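The chain contents come next:
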Amino acid sequence: MGERRRNVVIVALLLSVCGVSWGQKKASNPNPADGAADVVMPLLRWTAGSTALFHNVYLGKTRELKAEHLVGARVVTPMFYYAAGLEPGVTYYWRADEIEADNVTIHTGDVWSFTVQALTAYRPDPADGATIVPPAPVLKWLAGQGAIQHRVYFSSNRDAVAQAAAGADKGLLPLATATFTPGNLDGATTYYWRVDEIVSGGVRAGAVWSFSTWMTVDDFESYTDVEGKRIYETWIDGWTNNTGSMVGYEQAPFAEQKIIHGGKQAMPLDYNNTKAPFYSEAERTFSPAQDWTAGGTDSLVLYVQGRGVDFEIPHVSTPPVIDGQMEAIWSKASVQPILTTIAGTPPTGPADASGQFRVLYDETNLYVLVDVNDDQFRNDSSATYLDDSVEFYVDADNTKKGPGLTGNARQYTFGWTDPVIAGTNTNTTGVQHAQVNTPTGWRIEIKFPWQSLMGTGAPVGKLIGIDCFYNDDDDGADTRETQIAWHSLVGNDWQTPASWGTALVVPPGATSPADYLYVALQDATNRSAVVTHPDPGILKATKWVEWKIPLSSFSGVNPARIKKMSLGVGDKAKPVTGRTGRVFIDDICLVKP
C-alpha cells in the first residue's frame, strides 16, 4: 500500500471514530433510528457531515420543522440531549443542519422521526378499529415503559373488556411475549381487547381496542389435488366456459403455494386475450345463494398480485441477418441493460464490464443481439464461462422453477471469438451466431430456432423466461473477475429459472390496449353487474394489492342473494385483442363498514 493511500485510510478511520461522514456533507445515521418506536432517553446523535463545524438541531411534533423548533443552536458535537424531556407515546420529528466553517454554508438535513415508548401498551396490531382482519389473527403490541408482564383481556363484549371481567381475562404473559392468539373467530364480528402492563408496584390499565373480522368467501385453503376437490373444479375456467382463462396449474399442486397472501394457498389465474373471445373469466357458482350482507358487511375485498412482464418481444416479418451488425430492424426491440454484479468484483466502470441486449422473433426463430462494453478481451481459460463470454438463458415454458435446468429451461454460453457453444441443457441444433468487435467492446448476434428451444413453433401471445449474463476476464489467468446480469441477483441464479426475467412474445401486429381486471356478480334472479379495477397495472403488481369494492357498486344486484361470482381479465362487453399473463387471487372476503 502506498504512503498516500495509507494516509487516506488513516484519515477515514479517524473521521469515522469521531462521528464524521467521509464525503457526506449532510447529517446521516440518526440515533434513534428513523422510525424507531420505543425511545426512552432524549439523547439525539448522528454522523456529522464531512465539512460541518457546528450543528443546528430542530425537534418538534410536526414534520414541518421551522425556526421555532430550533432546540440546539450551533452545537459543537454531533450529539444533543433534550433536557426538557420527551412525552410518553408521542411521535417526534427532528433534523440536524450542518454548518460549515464560514458560518454561511448550511446543509439542511433530512427530517427523521421516532416515537417515545408509552406508559401503557401501545401500537396495537391489528390497528384499533381495523375492519379487514382474518378470522384467525395474531394480536401484537409494543410494551409500555417499565412493564414486567402483560395481562390480556379479550371478548366480543366491549363492557367485559373495559371492566376486566373474569370471562375476558386471558391471563398473564411474560414481558417478551407481546402477542396473543385468540384462535379461530367468527366472521363479520367485532372483537375488543386490552393489554394491562404489570409494573413494579402496580398495574397500568391499557386502552380498549377493537377490530372486526372478515367473512370469508374463498380463502382457497380447502382445495386439494384429489379429484373432486381441485381448485379448477370449483372455479370454472376456459376449458369449460370457452374463454381464455385457466385456473390452477397443469400439474399438482394445482393451487399456488408460494405466492400467498394468507394461509397456505392462493389461486393462479392465467389469461389469454390474444384470440377469441378476447377475454378470460373464471366463475364460481354458490348453491344455495349467499347472503353477503349478513353480519352487517357492506364491501367485497380481494387480494391481487400479478406476474409482471419485464419487456415485450416484437414480431418481425423480415428476420435480421446473423452477421453481428446492428441493422435497422433491431430498433423495434427494447433495450435491456446488463449491469447488476452477481459474482466476483464489481466493474471499475461501464467501460470495464457492462452491456445491453435486444430480442426479436418470428414464427421460426428467436433472435438476440448483445452489445458488450469491455476494455480487455480474453479467451485463454479452461472453461468458456471463465473467459469473456455472454450467457443467454431461455425458459420457453416460463416454469419459474429451479434450481436445476430441465425441460425447456436452457443456458447457452458464447465465448469471445469462440465458435463452440457451451452451456447446460442446451439444444444447439440450428443455432447460429456471429460476432464483431466494436469501438467499446464486442457484439454477438444469435438465432435460436424455436424447435430447438421448445420443440414447437413460436409461443405467440405467451410468456417466456429470459436472462442474460456477461462474464469478464481481465487478468488472463484461469479465473473470472466479474459476472454481471440483466435480471438475476446472485451467481447461483444461472440454474434457477424462477430468478430470471419474463418476456411476452407479442402477437404479430398487436396494438391492443391494456387489459383490466374485473369482478362480476350475479344474483338469484340472474341480475348481474361488473366492476372493473381502474388501474391495469394491478395485473403486474409484484406485491399483494387490496381491492375493496362496496357492494352497492354492483348496481341492480341483490347482495343478499348472490348466486355467482366471476373474476376476469379483459372487456366482456366490448372485447378487443389483448395480452396474456397470470394473476394471483387470495382471501376473497366480506367486511363491515
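What counts as what
- Residues numbered from 1 in each chain as written.
- Predicted model: local features only at pLDDT ≥ 70, side-chain atom pairs only at ≥ 80, totals over all residues.
- Heavy atoms only, no water.
- Helix = DSSP H or I, 4+ residues; strand = E, 2+ residues; numbered from the N terminus.
- Pairing = 2+ DSSP bridges.
- Axes fitted to C-alpha atoms, helices over the stretch in contact; angles between N-to-C directions.
- pLDDT = per-residue confidence, 0-100.
- Contact = heavy atoms within 4.5 Å.
- Salt bridge = Lys/Arg side-chain N within 4 Å of Asp/Glu carboxyl O.
- Buried < 20%, exposed > 50% of the residue type's maximum accessible area, 1.4 Å probe, protein only.
- Core = buried A, V, L, I, M, F, W, Y, C linked by side-chain atoms within 4.5 Å.
- Phe/Tyr/Trp six-rings, centres within 6.5 Å; stacked < 30°, edge-to-face > 60°.

(A) Representation of unusual backbone geometry within the structure. Residue P277 is reached from A276 by a cis peptide bond, and omega for that bond is 10°. Take P277: it is sitting in the loop between β21 (267-272) and β22 (279-290). A cis amide bond links S287 with the next residue in sequence, P288, at an omega value of 0°. Of note, P288 is situated in strand β22. We note that R74 has phi near 50°; this positive angle belongs to a residue other than glycine. Looking at where R74 falls in the secondary structure, it is placed in strand β5 (residues 70-75). In the Ramachandran plot, A188 falls in the positive-phi region, its phi being about 50° despite a non-glycine side chain. Note on placement: A188 falls in the loop between β15 (179-180) and β16 (190-199).

(B) Summary view of the sheet that holds strand β38 (residues 528-532). An order of β22-β40-β37-β38 is seen for the four strands of this open sheet, with the pairing classed as antiparallel. Looking at the sheet topology across the chains shown, the edges are occupied by β22 and β38. Looking at each pair of strands side by side, their axes are set apart by 15° on average, direction ignored. Relative to strand β40 (residues 562-570), β22 is paired through eight bridges, and the arrangement is antiparallel. Its bridge partner lying in β40, A282 is registered against L567.

(C) Seen up close, the confidence of the model for the chain. Counting all residues, the mean pLDDT for the chain is 93, and 95% of those residues have values of 70 or more. Considering only residues more than four positions removed or in separate chains, one finds that residues 1-18, a stretch of pLDDT under 50, has seven contacts.

(D) Seen up close, the pattern of salt bridges. A complete count under the given rule lists twelve salt bridges for this structure. The shortest N-O distance in the salt bridge between D270 and R582 comes to 2.5 Å. Of the two residues, D270 sits in strand β21 while R582 sits in strand β41 (residues 580-591), which places them 312 residues apart along the sequence. R582 carries the same exposure label as D270, and that label is buried. Here E281 and K572 are joined by a salt bridge, their closest N and O atoms 3.3 Å apart. In this pair, E281 is assigned in strand β22 and K572 in the loop between β40 and β41, connecting sequence segments 291 residues apart. A residue is classified by how much of its surface remains accessible, and E281, at 4% relative accessible area, is buried. Overall, K572 belongs to the partly exposed group, its relative accessible area being 44%.

(E) The nonpolar core, seen in detail. One finds W235, W292, L300, V519, M565, L567 and I588 to be the most contacted residues of the largest nonpolar core, which totals 37 residues. Listing elements by their share of this core, those giving two or more residues are β21, β22, β23 (299-306), β37 (517-523), β38, β39 (545-550), β40 and β41. Setting aside anything within four residues of it in sequence, one finds M565 in contact with W235, A282, E283, R284, F286, W292, L300, V519, A520, L521 and I588. Among the nonpolar cores identified, the runner-up in size contains 36 residues, and V359, F392, A503 and V505 belong to it.

(F) View of the sheet that holds strand β32 (residues 432-438). Here five strands make up an open sheet; going across it, the order is β25-β27-β28-β33-β32 and the pairing antiparallel. The sheet is open, and its two borders are formed by β25 (336-338) and β32, each paired with just one other strand. Pairwise comparison of adjacent strand axes, ignoring direction, gives a mean angle of 20° for this sheet. One ladder, built from eight bridges, connects strand β27 (residues 354-361) with strand β28 (residues 365-373); its direction is antiparallel. Residue pairing in the sheet places Q356 in a bridge with D371 of β28.

(G) Quick peek at the packing of aromatic side chains. Applying the stated criterion to the full structure yields 25 aromatic pairs. Centroid distance Y232 to F254: 5.4 Å. Interplanar angle 80°. Geometry classified as edge-to-face. With Y232 in helix α3 (residues 231-234) and F254 in the loop between β20 (245-247) and β21, the pair connects residues that are 22 residues apart, well separated along the chain. The exposure class of Y232 is partly exposed, given its relative accessible area of 27%. Judged by its relative accessible area of 9%, F254 falls in the buried class. Here F357 and F392 contribute two aromatic rings whose centre-to-centre distance is 5.9 Å and whose plane-to-plane angle is 80°, an arrangement assigned as edge-to-face. With F357 in strand β27 and F392 in strand β29 (residues 389-395), this residue pair connects regions lying 35 residues apart in the sequence. Each member of the pair, F357 together with F392, is buried.

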